[in-house]
Amino acid sequence: MMDHGLANDAREADTLTIAGRTLRSRLLLGTGGFTSLELLSAAIAASGTEMVTVALRRIDPGARGSLADTLSDAGVMLLPNTAGCHTARDAVITAKLAREAFATDWVKLEVIGDEDTLLPDAPELLRAAEELIDEGFVVLPYTTDDPVLARRLADVGCAAVMPLGSPIGSGMGIRNPYNIALIRESVEVPVVLDAGIGTASDAALAMELGCDAVLAASAISRAQDPVRMAGAIRAAVEAGRLARSAGRIPRRLYATASTTNEGLADLATGTLADRAT
Amino acid sequence: MIRLNGKDCELQAGASVTAALARLQVPADARGVAVAVDGEVVPRAHWDTFLLAEDARVEVLSAMQGG
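Residues numbered from 1 in each chain as written. Chains lettered and ligands numbered in written order. Predicted model: local features only at pLDDT ≥ 70, side-chain atom pairs only at ≥ 80, totals over all residues.

Attention now goes to the interface of chain B and chain A. Contact with chain B, which involves 23 residues of that partner, is made by 24 residues of chain A. Among the elements of the structure, β3 (33-37) and β5 (57-65) of chain B are those that each provide at least two residues to the side of chain B that touches chain A. Partitioned by chemical class, the residues of the side of chain B that touches chain A number 11 nonpolar, nine polar and three charged. Inspection of the sheet shows strand β4 (residues 51-58) of chain A paired to β5(B) by five bridges, in the antiparallel sense. Residue pairing across strands places A:Arg58 opposite B:Leu61, the latter belonging to β5(B). (Contact = placed C-beta atoms within 7 Å. Helix = DSSP H or I, 4+ residues; strand = E, 2+ residues; numbered from the N terminus. Nonpolar A, V, L, I, M, F, W, Y, C, P; charged D, E, K, R; others polar. Pairing = 2+ DSSP bridges.)

Structure, rendered in structure tokens:
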């Protein structure tokens with residue numbers, strides 16, 4: 001009989017701390033793509049997340065319902081992003097505006113270098129990170145899966161690094177798991193797999209590779225049943241985390257019998273005398 | 001002319017940021033709102049006293065769903 005109690009205890013104590021903030025959930029949720037605030041609210045509840053991303057855009061006086069109120073009711077922490085910024089300057093000003101609007105020093109820093117792939121612009125990203133850290137921000141940069149860039153971002157004082165698995169919204173999962181594993185080894189700060197998650201198994205793999213958390217947005221909001229997918233990815237994050245701490249077996253080319261040959265019955269036909277001849 | 005969230009508006013030079021907010025039916029005590037004028041942040045504490053110059057570009061921003 002497996003001791004489920006042990007696994008549950010391990011989960012209870014297994015919190016994530018970013019810049020002094022302790023989180024019980026290792027799933028961050030992007031709020032983009034939900035077709036209604038009701039659906040977003042239900043997905044937040046199903047995901048168990050404690051931190052969600054928001055963007056800053058021109059106010060729409062005619063908007064029905066308030067996103068800020070919905071998120072406040074859900075009791076989640078806001079992580080403003082700088083989505084849509086293409087230069088360090090724009091990203092820094094957007095972060096300052098977000099600090100005004102949401103009264104938080106935290107920012108998910110995005111500086112986009114290419115419109116088709118939405119891949120980060122590495123030099124601008126590093127420049128913006130340095131500037132924001134000097135201004136007292138808690139910076140979580142959305143970065144490529146380059147271990148050297150991740151280390152540079154950590155070195156300048158980022159509170160976590162958020163490497164992509166594959167391009168934003170592509171649902172292609174983790175294209176270079178070796179790089180994600182290398183990033184986990186090369187920085188001390190938390191690693192949050194961001195972008196590319198398509199379904200639950202991608203999130204489990206991220207955690208098995210050693211990521212400290214996963215951010216999912218489109219994988220949940222654009223699923224046919226977002227609330228169900230929120231529950232699936234939540235379970236996958238927990239399963240992957242548990243599997244990582246349990247220690248997987250090494251991969252081998254050939255089989256290794258799981259049942260011993262010791263005491264194997266002699267089932268050859270014929271008597272001893274038959275065999276002697 | 002003053003540009004308010006990308007559109008020309010009838011505000012005159014010398015109007016305050018608070019007056020610009022009123023144009024958008026945004027009360028001065030609205031939560032979750034930030035303002036930039038000509039690419040610089042105008043802190044909430046200065047909304048009443050910051051006066052817009054001719055051809056100012058005013059951006060009034062709030063939370064939107066996003067990744």
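Structure shown, so let's carry the discussion forward.
When pLDDT is averaged along chain B, the result is 91, and 100% of the positions lie at 70 or above. Here the complex is predicted with pTM 0.88, and the ipTM for its interfaces comes to 0.92. (pLDDT = per-residue confidence, 0-100.)

All names here are of chain A. Its 21 residues place the ends of helix α10 (residues 226-246) 30 Å apart at the C-alpha level, agreeing with the 30 Å of an ideal helix rising 1.5 Å per residue. Within α10 the residues assigned to the buried category are Pro 226, Met 229, Ala 230, Ala 232, Ile 233, Arg 234, Ala 236, Val 237, Glu 238, Gly 240 and Arg 241. Of the residues trailing α10, Gly 247 is marked for its positive phi of about 85°. (Expected span 1.5 Å × (residues − 1). Buried ≥ 20, exposed ≤ 12 C-beta atoms within 10 Å, placed from the backbone.)

Turning our eyes to something else, we now look at helix α6 (residues 147-155) of chain A. All names here are of chain A. Here α6 has its buried residues at Pro 147, Leu 149, Ala 150, Leu 153 and Ala 154. Each buried residue of α6 lies within a common arc of 160° when the element is viewed along its axis, so the set occupies one face. α6 presents Val 148 and Asp 155 as exposed residues on the side facing more than 90 degrees away from its buried surface. Contacts from the buried residues of α6 go to α5 (122-134), β7 (138-143), β8 (162-163) and α7 (177-186). (Arc of directions from axis to C-beta.)

This part is about the sheet that holds β7(A). Residues and elements named next belong to chain A. Pairing within the open sheet is parallel, and its three strands lie in the order β6-β7-β8. With one partner strand each, in any of the chains shown, β6 (106-109) and β8 form the two edges of the open sheet. By the bridge criterion, four bridges tie β6 to β7 in an arrangement that is parallel. Bridging from a neighbouring strand, Lys 108 pairs with Leu 140 of β7.

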